[in-house]
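# An overview of the molecular structure
Here is how the chains run, residue by residue.
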Amino acid sequence: MNIQTLSTHYSVSDQLFVEDLSTIKKLGYEAVVCNRPDDEVEDQPSFNSLRERAEELDMKMFYIPMSCPEFSMADQDELRNVLNEYTLVLGYCRTGNRSKILWDSIAALSVK
């Protein structure tokens, strides 16, 4: 897990694993956004396996899968809503790049 801070409220990471979520919770993250579609590679953990563990830790998980570099206005709106609802959010995908691209697309719109 390699976390890169993009703002005081949003960071991105490469692929997360179930065992990473306890650390993420300890770091203060309230919500995690998955920008990676399930089944890109054989050994990739599913969104649902991560979501189940996040719920056990009282964190929220959101699924906004992207095929880089493509995203929709709905993707932007969904990320904006998450950022407006939670104080500290972590986005992830295979390398963190898709999560950063989506963030960059809304950052100019004064999202916290």
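Described below are features of the structure shown in this document. Numbering of residues starts from 1 in every chain and runs along the sequence as written. The predicted origin of the model limits local features to residues at a pLDDT of at least 70 and limits the giving and counting of side-chain atom pairs to 80 or more, whereas totals for whole chains, interfaces and linings rest on all residues. Hydrogen atoms and water are omitted, and side-chain values are computed over all heavy atoms in the structure.

### Examining the overall build of the chain
- Only runs of H or I of at least four residues qualify as helices and only runs of E of at least two qualify as strands under DSSP, and these elements are numbered from the N terminus. Counting its secondary structure elements, the chain contains four helices and five strands.
- What you see in the chain, going N to C, is helices and strands ordered as β-β-α-β-α-β-α-β-α.
- A radius of gyration in this sense is built from C-alpha atoms; the matching globule rule multiplies 2.2 Å by the number of residues raised to 0.38. Its C-alpha radius of gyration of 13 Å places the chain within 12% of the 13 Å reference for a compact globule of 112 residues.
- Seen through its principal axes, the chain has C-alpha atoms that stretch 35 × 30 × 20 Å.
- Taken across its 112 residues, the chain has 44% of its residues classed as buried.
- Any pair of residues with heavy atoms lying within 4.5 Å of one another is described as a contacting pair. In the chain, of all internal contacts separated by at least 6 residues, the share reaching a separation of at least 24 is 75%.
- A positive count includes Lys and Arg, and a negative count includes Asp and Glu. His and the chain ends are not counted in either. Note that the charge is assigned to NZ on lysines, CZ on arginines, CG on aspartates and CD on glutamates. Counting 11 positive and 19 negative side-chain charges, the chain places the centres of these two groups 5 Å from one another. The cut-offs for exposure are 20% and 50% of the maximum accessible area for each residue type, with area from a 1.4 Å probe on protein chains only; residues under the lower value are buried, those over the upper are exposed, and the others partly exposed.

### So, the sheet that holds strand E1 (residues 4-5)
- Strand order in the open sheet formed by five strands is E1-E2-E5-E3-E4, with mixed pairing between adjacent strands. Strands at the two margins of the open sheet, each flanked by one partner only, are E1 and strand E4 (60-63).
- Fitted lines through C-alpha atoms give the axes, limited to the stretch in contact for helices. The angle between two N-to-C directions lies from 0 to 180 degrees. Against the sheet, helix H2 (residues 47-56) contacts strand E3 (31-34), E4 and strand E5 (89-92), and its axis sits at roughly 160 degrees relative to E4.
- Seen against the sheet, helix H3 (residues 73-85) touches strand E2 (10-13), E3, E4 and E5 and runs at an angle of roughly 170 degrees to E3. For two strands to pair, DSSP has to find at least two bridges joining them.

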